[in-house]
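Coordinate inspection notes
So the chains spell out like this:
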Amino acid sequence: MHYFEYHAGQLHCEQVPLQRIADEVGTPAYVYSERTLHRHVRVFDEAFQSVPHLICYAVKANSNINILRRFAEWGTGFDIVSGGELFRVLRAGGSPEKVIFSGVGKTLQEIRYALDSGILFFNIESSAEMDLIHGVARQANKPVRVSIRTNPDIDARTHPYISTGTQKNKFGVSLPEARELYRNMRQLSNVDVVGVSCHIGSQITEMGPFEEALASIRRFVLELQAEGVALKYLDFGGGLGIPYDAEEPPSPAIYAASVACATRDLGIQLVLEPGRVIAGNAGILLTRVLLKKNQSAKKFLVVDAAMNDLIRPALYGSHHQLWPVREENNKEKVDVVGPVCESADFIARDRDVAVLHAGELLAVMSAGAYGFSLSSNYNSRPRVAEVLVNGDSYQVIRRRESYEDLIRLEE
Ligand SMILES: *Cc1c(COP(=O)(O)O)cnc(C)c1O
């Protein structure tokens, strides 16, 4: 559900015509709908209303500080994976006591920064990391709250690059190892064990893998409780998928009902780390057709956005719907490609796309998550502008980079 719709043959974001944004801000540009973001946060939160819970938005999905500021105002917490993300969250006015820190390789500096900031807890991903974090806490003479990210060895049945919960992945700790870690942690003076966590992958479109993970983590919590480990939090991670094309992922309500049902009697507060399901369909990448090019075997639509702006098609072979900004029903089969010097630089291949002419605009849909945040300056292309629409007005929330910006840090 999102607020990108046609009115009088022109694609709008809420009440703002995308043509107007292209005229005034230029292209390419990421355009986000605040109303959609807010709706997604509310729907997700309401789905869990029958159980104590904390929603920690996964910052890496879309980390623009203006968007984080909105989330902070709406009361969400944050799941971070780096010191840089913590910095953004704090600058955006996020409360440290609603921040959790995940990731397999936190530096000493990042651990110290998060500890000094007073975050809610660290998700620990190995026994080596446990030692590091305990060392930092002792040196600082402070208690540190931790949870262990277990790896339940479950195939999330998603793209291998975003599957994280099997023993072949670098993430989390196997259950036998986690069992031992919980025992050993009791001996660590400065460690306060508050939770158990798991996150099995991203863009998961069926309940099966979640159900398996729930059963596994439930058994594990019961076992720990029987051993006298008092846990306050069960962090079930993120990963709920969205419809990019014909997928029909479970709704937040169905997902939440299942999570709540499996955990309600454990007497534990839930933590959820949704990213994509909040931001994905709340944003598009607005691009302009530079030219059309016919090779003997194929027709190409060359647009001004490229893989450095949106790498998902090249990285995951992912599908993004392409909507013409001026409504057009005639279609032709084309490859939509950018100007970057790589054959992997495509937005779509062999796709029936509305017949467009040079200079016309195209919306690459569902680009609000893992779009701008994964962008780069490859080919010395300045990173694009980001725009946040609210009702009938919009705000540029990140200026388009200039050529000067490209070399600013180079000595
Ligand atoms: C990426 C990530 C998330 C968010 O995943 P989505 O699929 O975007 O919901 C949550 N938790 C952790 C630990 C992550 O790495």
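All figures in this text were calculated on a predicted structure; none of them were measured in a lab. (Residues numbered from 1 in each chain as written. Predicted model: local features only at pLDDT ≥ 70, side-chain atom pairs only at ≥ 80, totals over all residues. Heavy atoms only, no water.)

Observations concerning the pairing of strand E9 (residues 144–151)
Counting buried positions along E9 gives seven out of eight residues, so the element sits mostly inside the fold. Taken together, strand E8 (residues 121–124), helix H6 (residues 127–140) and E9 constitute a β-α-β crossover, and its handedness is right-handed. In this structure, E9 lies alongside strand E11 (residues 191–197), joined through six bridges in parallel fashion. In the sheet register, arginine 149 faces E11, and the bridge partner there is serine 197. Examined bridge by bridge, E9 and strand E10 (residues 173–174) share two bridges and lie parallel to one another. Across the sheet, threonine 150 pairs through a bridge with valine 173, a residue of E10. (Buried < 20%, exposed > 50% of the residue type's maximum accessible area, 1.4 Å probe, protein only. Helix = DSSP H or I, 4+ residues; strand = E, 2+ residues; numbered from the N terminus. Right-handed = clockwise from strand over helix to strand, strands pointing away. Pairing = 2+ DSSP bridges.)

Describing empty space enclosed by the protein
By the definition in use, this model includes one cavity of 30 Å³ or more. Volume-wise, the largest cavity comes out at about 30 Å³. Lining the largest cavity, in full, are Val41, Ile55, Tyr57, Phe71, Thr76 and Ile278. Grouping the amino acids of the lining of the largest cavity by side-chain chemistry returns five nonpolar, one polar and no charged. (1 Å grid on protein atoms, 1.4 Å probe; cavity = no way out; pocket = protein on both sides within 12 Å on 5 of 7 lines; lining within 4 Å. Points joined across faces, edges and corners; volume = space filled by probe spheres on them. Nonpolar A, V, L, I, M, F, W, Y, C, P; charged D, E, K, R; others polar.)

Some remarks on the side chain of aspartate 345
Within the fold, aspartate 345 resides in the loop between strand E17 (331–337) and strand E18 (346–354). The buried charged residue aspartate 345 lacks any salt bridge, with arginine 381 as its nearest oppositely charged partner at 6.8 Å. Reaching out from aspartate 345, the side chain makes a polar contact with the backbone nitrogen of methionine 307 at a distance of 2.7 Å. Apart from the residues lying within four places of it in its own chain, the contact partners of aspartate 345 are Ala306, Met307, Val337, Gly338, Pro339 and Val340. (Lys, Arg positive; Asp, Glu negative; His and termini not counted. Salt bridge = Lys/Arg side-chain N within 4 Å of Asp/Glu carboxyl O. Polar contact = N/O pair within 3.5 Å; in protein donor to acceptor, adjacent residues only side chain to side chain. Contact = heavy atoms within 4.5 Å.)

Here we look at the domain arrangement of the protein
Its domain assignment divides the protein into domain 1 (4–32 + 280–410) and domain 2 (63–274). For domain 1 and domain 2, the distance between their C-alpha centroids amounts to 33 Å. Across the boundary between the two partners, domain 1 contributes 16 residues, which contact twelve residues of domain 2. A buried area of about 1300 Å², summed over both sides, lies between domain 1 and domain 2, and 52% of it is on carbon and sulfur atoms. A per-residue breakdown of the area domain 1 buries against domain 2 is headed by Tyr316, His319 and Ile397, which together make up 36% of the total. Linking domain 1 to domain 2 there are zero salt bridges. The interface formed by domain 1 and domain 2 holds six residue pairs in polar contact (both at pLDDT 80 or more) in total. (Domains from an automatic or database assignment. Buried area = accessible area lost by both parts, 1.4 Å probe.)

A short note on helix H8 (residues 207–226)
When the terminal C-alpha atoms of H8 are compared, their 28 Å separation across 20 residues agrees well with the 28 Å that a helix rising 1.5 Å per residue should span. Restricting attention to buried positions, one finds in H8 the residues Met207, Pro209, Phe210, Ala213, Leu214, Ser216, Ile217, Phe220, Val221 and Leu224. Buried positions along H8 lie against E9, helix H7 (175–185), E11, strand E12 (233–235) and helix H9 (252–263). Where H8 terminates, the next one or two residues include glycine 228, which has phi positive at roughly 90°. (Expected span 1.5 Å × (residues − 1).)

Let's talk about the layout of surface pockets
Put simply, the largest pocket is a space of about 740 Å³. Taken together, 42 residues make up the lining of the largest pocket; nearest its centre are Lys60, Val81, Phe171, His199 and Tyr370. For the lining of the largest pocket, the secondary structure elements donating two or more residues are helix H4 (83–91), helix H10 (276–279) and helix H11 (312–316). Its residues assigned to classes, the lining of the largest pocket comprises 14 nonpolar, 16 polar and twelve charged. For the lining of the largest pocket, the two domains that each supply at least three residues are domain 1 (4–32 + 280–410) and domain 2 (63–274). By volume, the second largest pocket is sized at about 290 Å³. For the second largest pocket, the lining is made up of 14 residues, of which Met1, His40, Pro243, Pro252 and Val277 are closest to its centre. Residue assignment for the lining of the second largest pocket shows that the elements contributing at least two residues are helix H2 (34–47) and H10. Of the residues forming the lining of the second largest pocket, the biggest block, three residues, is contributed by H2.

Considering the environment of glycine 237
Checked against the element boundaries, glycine 237 lands in the loop between E12 and H9. Sequence spacing of glycine 237 and valine 271 is 34 residues, and the spatial spacing of their C-alpha atoms is 7.3 Å. Setting aside residues no more than four positions away along its own chain, glycine 237 makes contact with Cys198, His199, Tyr255, Val271, Leu272, Glu273 and Pro274.

Some thoughts on the site of the ligand
Near the ligand you find 14 residues, and of these Lys60, Ser202, Glu273, Arg276 and Tyr370 are the closest. At a separation of 2.4 Å, an oxygen atom of the ligand approaches a polar side-chain atom of serine 202. Contact with the protein chains removes 94% of the 390 Å² of surface that the ligand exposes when unbound. Comparing atom positions with the cavity grids shows the ligand to sit within the largest pocket. Across the shell around the ligand, the residue classes break down as three nonpolar, six polar and five charged. (Near = heavy atom within 4 Å. Areas by Shrake-Rupley, 256 points an atom, 1.4 Å probe, with all protein chains shown as cover. Sits in = over half its atoms within 2 Å of the grid points.)

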